[in-house]
Every structure is written in C-alpha cells, then in structure tokens.
Amino acid sequence: MRRGRRRVRPIVPALLVGLLLAGCTSGSPAVAPASGVVRPTATRTATPVPATTAAPTVADRAEALVAAMTPEERAGQALMTAGTVQQLPGLASAVDRYHLAGVMVRGRSGAGTAAVARAFAPARAAARDGLPLLTATDQEGGTVQVLTGPGFSRIPSAVEQGRGSASATRSDAERWGRQLAAAGVRLDLAPVADVPCAATLHDNPPVAALGRQYSSDPAVAGSHVAAFVAGMRAAGVDTAVKHFPGLGCVTRNTDTAARVVDSATTAESARLRSFADGVAAGTGFVMVSSAEYARMDPGTSALFSSRIIQGTLRGRLGFDGVVMSDDVGGAAAVRAWTPAQRAVRFVRAGGDLVLDVRPADLPAMHAALVATAHDDGAFARALTAAAVRVVTARLRLAG
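Novice: Looking at this structure, I do not really get the overall build of the protein chain. What am I missing?
Specialist: Along the protein chain, the regular secondary structure elements total twelve helices and twelve strands. Out of the 399 residues in the protein chain, the part that is buried amounts to 53%. Summed over all atoms, the accessible surface of the protein chain reaches about 17,400 Å², with 54% contributed by carbon and sulfur.

Novice: Looking at this model, I keep getting lost on the pattern of salt bridges. Mind explaining?
Specialist: Two side chains carrying opposite charge are able to pair once their charged atoms lie near each other. A full pass over the atoms with the stated rule returns 15 salt bridges. The salt bridge partner of Asp 138 is Lys 242, with a shortest N-O separation of 2.9 Å. Highlighted residues: Asp 138 in the loop between β3 (134-137) and β4 (139-141) and Lys 242 in strand β7 (residues 238-244), separated in sequence by 104 residues. Across the pair, exposure class does not vary: Asp 138 and Lys 242 are buried alike. Beyond isolated ion pairs, a larger network of salt bridges with shared partners links Asp 138, Glu 140, Arg 212 and Lys 242.

Novice: What's the story with the nonpolar core in this structure? I'm lost.
Specialist: Soluble, globular proteins show a tendency: their nonpolar side chains are buried together. In this structure, Val 95, Leu 147, Phe 244, Leu 313 and Leu 369 are the most contacted members of the largest nonpolar core, which totals 84 residues. Among the elements that line this core, the one with the most residues is helix α11 (residues 362-375), at six residues. If you look at the next biggest cluster of nonpolar residues, it comprises 19 residues, including Met 80, Met 104, Leu 187 and Ala 240.

Novice: Sorry if this is basic, but what is going on with the packing of helix α7 (residues 218-234) against helix α8 (residues 273-280) here?
Specialist: In a pair of packed helices, the angle between the axes and the distance between the axes together describe the arrangement. Two elements in contact, α7 and α8, have axes separated by 8 Å at closest approach and are oriented at 25 degrees. On the basis of their axis angle, the class for α7 and α8 is roughly parallel. In terms of crossing hand, the pair formed by α7 and α8 is right-handed. Every residue of α8 that contacts α7 at Pro 218, Ala 219, Ala 221, Gly 222, Ser 223, Val 225, Ala 226 and Val 229 is listed here: Arg 273, Ser 274, Asp 277 and Gly 278. Residue composition of the contact of α7 with α8, grouped by class: six nonpolar, four polar and two charged.

Novice: Before we go on, may I ask you to explain helix α9 (residues 306-316) in this structure?
Specialist: Since there are 3.6 residues in each turn of an α-helix, residues three or four apart along the chain are aligned in direction. All of the buried residues along α9 are Ile 308, Ile 309, Thr 312, Leu 313 and Arg 314. All buried residues of α9 fall inside an arc of 165 degrees around its axis, so they share one side. For α9, the exposed residues set more than 90 degrees away from the buried face come down to Arg 307, Gly 315 and Arg 316. In this structure, the buried residues of α9 make contact with β7, β9 (285-288), β10 (292-293), β11 (322-325), α10 (339-348) and α12 (377-397). With a side-chain oxygen lying 3.4 Å from the backbone nitrogen of Arg 307, the N-terminal cap of α9 falls on Ser 305.

Novice: I keep staring at the packing of α10 against α12 and nothing clicks. Help me out?
Specialist: Contact pair α10 / α12: the axes reach a minimum separation of 9 Å and the direction vectors enclose 80 degrees. Relative to α12, the element α10 is oriented roughly perpendicular. Packed against α10, whose contacting residues are Val 344, Val 347 and Arg 348, the element α12 presents Phe 379, Ala 382 and Leu 383 at the interface. Its residues placed into classes, the contact of α10 with α12 shows five nonpolar, no polar and one charged.

Novice: What should I look at first to understand the confidence of the model for the protein chain in this one?
Specialist: Do not read the fine detail of predicted coordinates wherever pLDDT is low. In the predicted model, the protein chain carries a mean pLDDT of 89, and the fraction of residues at 70 or more is 86%. Counting contacts from residues 1-46, a segment whose pLDDT is below 50, to residues more than four positions away or on other chains yields 52 contacts.

Each value, and the rule that gives it
Residues numbered from 1 in each chain as written. Predicted model: local features only at pLDDT ≥ 70, side-chain atom pairs only at ≥ 80, totals over all residues. Heavy atoms only, no water. Helix = DSSP H or I, 4+ residues; strand = E, 2+ residues; numbered from the N terminus. Buried < 20%, exposed > 50% of the residue type's maximum accessible area, 1.4 Å probe, protein only. Areas by Shrake-Rupley, 256 points an atom, 1.4 Å probe, with all protein chains shown as cover. Salt bridge = Lys/Arg side-chain N within 4 Å of Asp/Glu carboxyl O. Core = buried A, V, L, I, M, F, W, Y, C linked by side-chain atoms within 4.5 Å. Axes fitted to C-alpha atoms, helices over the stretch in contact; angles between N-to-C directions. Parallel < 35°, antiparallel > 145°, perpendicular 65-115°, else oblique. Left-handed = near helix turned anticlockwise from the far one by under 90°. Contact = heavy atoms within 4.5 Å. Nonpolar A, V, L, I, M, F, W, Y, C, P; charged D, E, K, R; others polar. Arc of directions from axis to C-beta. Polar contact = N/O pair within 3.5 Å; in protein donor to acceptor, adjacent residues only side chain to side chain. pLDDT = per-residue confidence, 0-100.

Pasting the structure below:
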C-alpha cells in the first residue's frame, strides 16, 4: 500500500432517473345535444418538467480534483521530469513520491513502439487514479526525432515538411501521431513555430542551423504549425508549440550559453503569427523559451516574465491551455538560479508545468513549491490555477 497519498474518486454528475409524464385525454369537438347543453371539450394540463442538472465540464472536474488535493499533490501537477527509454521504468518512484504530472522520454532510441510502451508502463501505473500521466517526447523530425525503430517512420525536418503543402503535413502528422500513441506517448513537444529573422537565417544555432523551422515566412510557417497540431490531435496526441516567443532571431543557444538575448522580437511582431496559428488550431500546450527579449521584457528570461506569459501569450494570443517551460535542468541560460528558484519563478510568472530533465532536481523544486504556497497566498493561488490547467489537460487525455 502506498502511504501519504489521498485517492480522489472521479466526480460523477447527478443524473435524473426519469421524468413524470402526465396522461392526457383527447376530446372531440363540442356537440350540442338535444337538451341544448354543450359538453366541454377535454383540455391538456401542462405538467412541470423537472430541471435537469448539467453535466460538469472537464474544467469543473479539474477544479474539484485540485481542490481535494493535498499541497504536495498540487505542487506535483507543476512538474515533469525525463529519462531515456532505459531509465523510464525507474521514474515510477518519482511519479509516486512527488505526484508528478508527466514524464518525458529523451535521448535517442531505436527500440520501437512496443518497447517504448512497455518502458512507460510502470510510471503510468504510478500516477494518481483517474489522471493519465502526461507521457511526452521530442518528435519533430530531422535531427530532432527521439524515437525510431520498428513502428516509427522517419520524419523529415521541418524545413523539408515546409516545402510541401500544409494538407500533406496534416496527413503526415496524423500518421506520426498514431505511431506515438501506439508507443504510449500522448504529448509531442512539437511543432517548432520559431521563424528566423533575415539577419540570423545563417547564424541561428538553435533553430535554422538544424532545419527546425517550417519557413522564414510567418504565414507559411503558421499554416504548417496549425496542420501539425491538427494532425496530431486527430491521432489523440496533444502538442506543445514552441519556443514562445521564438528563438529565430538569436545567435546563441540557450542550452549552452548563459545569456541569450533577442533584440528584434516585440509583442506585435509578425513572427508571432505562427504561434497564434498553433493556438487557434487547438494546441493544448505552449512551451516558453529561456531566452531574454529586450523589446518585450528586458533583462528577464521569458520563462520568468509575466509580461510575456500573461501579457502576450495569454492576453494577446488568448491561450488558455498549459504553459510549459523549456528544459530548466540542463539549460545554461538558467544556471544562475537554483532548481527551487527556477520552479517558483516560473509559476509566479504565470507558468504551469516545469520541465526538468534532471530527476535529481525534483526534491528541491517540489519542496520549494509547497513551502512558497504555504507562505504566500498569491503564489498559492497561482499554483492552484496552474494545477487546474494541467489536470484539465490530463483529464482530456483520458477521452
């Protein structure tokens, strides 16, 4: 028996067992008999119909589940960690102990769909009842395709995909999504919506140098981003459009450089169209970059910027799904902050789900979220709102 966990029963809407129907008699037209007395016709009497109780929405169920959670369980909804296919089974204990919302498979594996599904099984079984684990990977295509082997197609790079039609991208994404679903993956950390600037097209290490952009034209890129999202959704796999508000105009990589600054992008930039198109297509997640944006919130990483997360992504683009971080475990861009500070600052800025590929960071992150929520009412409300959005996404995966 697991200790320290409060099981939450799924919420079942109240159902009406029936409606009382009043009988009625049809009368014939009035006839004047010989006596001259007119017989009244029969009349229908309306019987009040009891009001029905509307079934709770997914968001309603999520709110109720989060309200019943312990502080430790609520904090766990804001955390996702990662491991290789071989390491996935060993992450079940972390899922159980820290009530994690999700696990990502990273690295490169040629094991195939069946082996990946088996590797995810222990972590999935450790998730709380009624809430499917967010099982994720990076399956963009080209140089960024984590899973290959039996059951997986080779996925061309986004640059190659962008040379074809958006309808072809949608069809291909649905096929690739079915392969991910067969492997037990329900969240693809793709597509890349970043659009390179003309000045950085040949000097853009995180995106253009790897062929990860669909196009340098925001409208073309946006059509493929929307198509990829739609195709994956048709296969039952959610997407995380990334890396908001874009890494197309930087000349350094946030994975390897301590400070990466975009001096071109603004909240009104045309390059944000591809993200807006992904949001309009129904992506459930948007991943925020760890770069700084000098013309949006100077001196602050996008991960920690309420102006960017709440003002631009939620406000201007109208995104109401899960805002997740780019990896904060191995990225050089966030090393100035401790793991605990990274988690707290992200949630305080309006973020929902912290991705950290280093499981060793989980104890400090989880403890900091719980402690800060205990001491700070505003932060507690932010963490609760984040948990509701994450739990909503998890419930939707259950169909």
